[in-house]
Amino acid sequence: MTVQTQTNEMTSAKHIELVDRHAAHNYHPLPVVVAEADGVWVTDVEGKRYMDMLAAYSAVNFGHNHPELIEAARVQLDRVTLTSRAFQNDQLGPFCKELAELCDKDVVLPMNTGAEAVETAIKTARKWGYTKKGVSADKAKIICCSENFHGRTTTIVSFSTDPLCREGFGPFTPGFETVEYGNIDALRNSIDDNTVAFLIEPIQGEAGIIVPPAGYLQQVRDLCTEKNILFIADEIQAGLGRCGATFCVQTENVVPDVLILGKALGGGVMPISAVVSSTEIMSVFTPGVHGSTFGGNPLACAVARKVVEILKTNKYQDNAKQLGEYLFDRLGKIKTDKVKQFRGRGLWVGIEFHESAGVARKYCEQLMQEGMLCKDTHEQVMRLAPPLCITKDELDWALERLEKVLA
Ligand SMILES: *Cc1c(COP(=O)(O)O)cnc(C)c1O
């Protein structure tokens, strides 16, 4: 029996029309309808190929259709996919052990999406504050940064400084204060006796690939130790190879108290996120105080175990480091009066355009015509974040097109 799905006969225009009519308008995607993908390449429903320079916001760090990740999922699909945490499954224990080792920590709390892991870290910090630090009930304060991005829940948007993320979603969750990113004095001044944690992206992704001043994260580490507050690093986008190391904080030689992981942890196959920390800190969790139906499901854990195994080879981190250096070198040589700054680390680049050059979206649309998919962030910045399996030849291909559009 052959089953011809209707989807395969539809044009891009028809798909876009359907999404426009029946999907909520909470995104403004480029008008490309992907049907298949492999490595750094995606193919649309008409068969046109594009290079993926976003990698699903770094969730596809190891490339589309990675054979080992797909195989791990396939094998687990035939075994068991969901038990809930009411019972044990044979993937959760090995996953937690292997991920904890990769992080040089003890204990993993698995969730599904990034925002859930951030929420979990917030709960961890608050409960740690009350039970270990001795903060009075309901007084815990968590310090965050200006221009942060940690997800979309009502609590998380409560401490966003982006009006677009907040407007119309109040009332907001109290207990948060924001300080200027990269400013150690602002952090020092904000810390009081009720402060339980500082939550920070080691490089701010959605803000436009903002790299803090050299030495800042080390100062954060020292200050958090001095004041007995938890240093929570949101490595959801910066981590797992993107910056040329397993974790972005390693490029600054700092060790946070709590790591938040997501996106690439599921290899672009399954949503899985995690909070990783010490036995001491994670002991705030006892049966019944927190949970998730799908958290720690065997299908996601099986894929994530393969992700950890792949990361242990350092192959993708090394490629991000080496090709990242090459990329920044080539970008620096581009003759253009449109660009204010190229910045980033590893294979993660923010290209900030001068206001006079127009918005970044315009250049994303031009690059799409050239066969390259990029995403703008905050009007003036275009982000490059290819899958970390990209080769030098593929990067040269991309640079040719970038040079043309930026000229
Ligand atoms: C994407 C992202 C999140 C949210 O992850 P979701 O899976 O979309 O909920 C949180 N923090 C950072 C730094 C991110 O980039």
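Quick caveat: nothing in here was measured; it's all calculated off a predicted structure.

**Student:** Explanation requested: the nonpolar core in the structure shown.
**Tutor:** Side chains that are nonpolar tend, in soluble globular proteins, to be buried together. Grouped together as the largest cluster of nonpolar side chains are 87 residues, with contacts concentrated most on Leu99, Phe198 and Met382. Ranked by residue count, the leading element in this core is helix α11 (residues 298-312), at nine residues. Each of domain 1 (2-53 + 315-406) and domain 2 (67-311) gives at least three residues to this core. Filtering out sequence-adjacent residues up to four positions away, leucine 99 remains in contact with Val108, Leu261, Leu265, Ala274, Val276 and Val308. With 28 residues, the next largest nonpolar core counts Met111, Ala121, Phe159 and Met282 among its residues.

**Student:** I would appreciate a short explanation of the site of the ligand in the present structure.
**Tutor:** Surveying the vicinity of the ligand reveals the residues Thr113, Gly114, Ala115, Phe149, His150, Gly151, Glu201, Asp234, Ile236, Gln237 and Lys263. A distance of 3.4 Å separates a nitrogen atom of the ligand from a polar backbone atom of phenylalanine 149. Lysine 263 places a side-chain nitrogen or oxygen 2.6 Å from an oxygen atom of the ligand. Look at the ligand: alone it shows 380 Å² of surface, and the protein chains cover 81% of it. The class makeup of the residues in the shell around the ligand is three nonpolar, five polar and three charged.

**Student:** Sorry if this is basic, but what is going on with the pattern of salt bridges here?
**Tutor:** Should the charged atoms of two oppositely charged side chains come close, the side chains can pair. Under the criterion given, the structure shown has 24 salt bridges. Note that glutamate 17 is salt-bridged to arginine 21, the shortest N-O span being 2.7 Å. Here glutamate 17 pairs with arginine 21, and both are found in helix α1 (residues 12-22), just four residues apart, close to one helical turn. Residue glutamate 17 is classed as partly exposed on the basis of its relative accessible area, which comes to 45%. Taking the shortest distance from any N to any O, the salt bridge between arginine 188 and aspartate 185 comes out at 2.9 Å. You can see arginine 188 and its partner aspartate 185 sitting in helix α8 (residues 184-190), three residues apart, about one turn around the helix. On the basis of relative accessible area, arginine 188 is assigned to the partly exposed category, the value being 39%. Residue classification places aspartate 185 among the partly exposed positions, given a relative accessible area of 45%. Here the residues in one salt-bridge network are Arg330, Lys392, Asp396 and Glu403, joined through shared partners.

**Student:** Please clarify how the sheet that holds strand β10 (residues 273-277) should be interpreted in this entry.
**Tutor:** Pairing between the strands of a sheet is mediated by backbone hydrogen bonds and can be parallel or antiparallel. As summarised here, the arrangement of the seven strands in space is β4-β10-β9-β8-β7-β5-β6, forming an open sheet in which the pairing is mixed. Every interior strand has two partners, whereas the edge strands, β4 (107-111) and β6 (176-179), have only one. For this sheet the average axis-to-axis angle between neighbouring strands, irrespective of direction, equals 20°. Here four bridges tie strand β5 (residues 141-145) to β6, and the two strands are oriented parallel to one another. In the strand pairing of β6, isoleucine 142 is matched with phenylalanine 176. Its contacts with the sheet put helix α4 (residues 92-103) on β4, β9 (258-261) and β10, and the angle it makes with β4 is roughly 120°. Along the sheet, helix α5 (residues 114-133) contacts β4, β5, β6, β7 (195-200), β8 (230-234), β9 and β10; its crossing angle with β7, the most-contacted strand, is approximately 155°.

**Student:** What's the story with the layout of surface pockets in this structure? I'm lost.
**Tutor:** The probe, sized like a water molecule, is rolled over the atoms to show the empty space still left. Of the pockets and cavities examined, the second largest pocket occupies roughly 390 Å³. Forming the boundary of the second largest pocket are 20 residues, of which Arg85, Leu109, Pro110, Phe285 and His290 lie nearest the centre. Contributions of two or more residues to the lining of the second largest pocket are made by α4 and β4. Broken down by element, the residue count for the lining of the second largest pocket peaks at five residues, all from β4. Classifying every residue of the lining of the second largest pocket gives 11 nonpolar, eight polar and one charged.

**Student:** Looking at this model, I keep getting lost on the packing of aromatic side chains. Mind explaining?
**Tutor:** Two aromatic rings are characterised by how far apart their centres lie and by the angle between their planes. What the rule picks out here adds up to five aromatic pairs. For the ring pair tyrosine 181 and tyrosine 216, a centre distance of 6.2 Å and an interplane angle of 65° mean the geometry is edge-to-face. A residue pair is termed long-range when its members are at least 10 positions apart, and tyrosine 181 in the loop between β6 and α8 and tyrosine 216 in helix α9 (residues 216-227) qualify at 35 residues. The exposure class assigned to tyrosine 181 is buried, which follows from its relative accessible area of 11%. Here the basic side chain of arginine 49 rests over the ring of tryptophan 41, its NZ or CZ set 4.3 Å away from the ring centre. Taking NZ or CZ as reference, arginine 401 lies 3.8 Å from the ring centre of tryptophan 397, over its face.

**Student:** Could you clarify how one ought to interpret the domain arrangement of the protein in this entry?
**Tutor:** Interface size is commonly expressed as the accessible surface area that is lost when the partners come together. Under the domain assignment used here, the protein contains domain 1 (2-53 + 315-406) and domain 2 (67-311). Centre-to-centre, using C-alpha coordinates, domain 1 lies 27 Å away from domain 2. Counting from both sides, the interface comprises 20 residues of domain 1 and, opposite them, 24 residues of domain 2. Approximately 1800 Å² of surface area, both sides summed, lies buried where domain 1 meets domain 2, with 56% of it carried by carbon and sulfur atoms. Among the residues domain 1 hides against domain 2, the three largest losses belong to Gln317, Arg345 and Trp348. Together they make up 47% of the total. Across the salt bridge formed by glutamate 206 and arginine 383, the nearest N and O atoms sit 2.8 Å from each other. Contributions of two or more residues to the side of domain 1 that touches domain 2 are made by α12 (315-332), β11 (339-344), β12 (349-353) and β15 (381-384). Across the side of domain 1 that touches domain 2, the residue classes tally to 10 nonpolar, six polar and four charged.

The rules behind each value
Residues numbered from 1 in each chain as written. Predicted model: local features only at pLDDT ≥ 70, side-chain atom pairs only at ≥ 80, totals over all residues. Heavy atoms only, no water. Core = buried A, V, L, I, M, F, W, Y, C linked by side-chain atoms within 4.5 Å. Buried < 20%, exposed > 50% of the residue type's maximum accessible area, 1.4 Å probe, protein only. Helix = DSSP H or I, 4+ residues; strand = E, 2+ residues; numbered from the N terminus. Domains from an automatic or database assignment. Contact = heavy atoms within 4.5 Å. Near = heavy atom within 4 Å. Polar contact = N/O pair within 3.5 Å; in protein donor to acceptor, adjacent residues only side chain to side chain. Areas by Shrake-Rupley, 256 points an atom, 1.4 Å probe, with all protein chains shown as cover. Nonpolar A, V, L, I, M, F, W, Y, C, P; charged D, E, K, R; others polar. Salt bridge = Lys/Arg side-chain N within 4 Å of Asp/Glu carboxyl O. Pairing = 2+ DSSP bridges. Axes fitted to C-alpha atoms, helices over the stretch in contact; angles between N-to-C directions. 1 Å grid on protein atoms, 1.4 Å probe; cavity = no way out; pocket = protein on both sides within 12 Å on 5 of 7 lines; lining within 4 Å. Points joined across faces, edges and corners; volume = space filled by probe spheres on them. Phe/Tyr/Trp six-rings, centres within 6.5 Å; stacked < 30°, edge-to-face > 60°. Lys NZ or Arg CZ within 6 Å of the ring centre and 35° of its normal. Buried area = accessible area lost by both parts, 1.4 Å probe.

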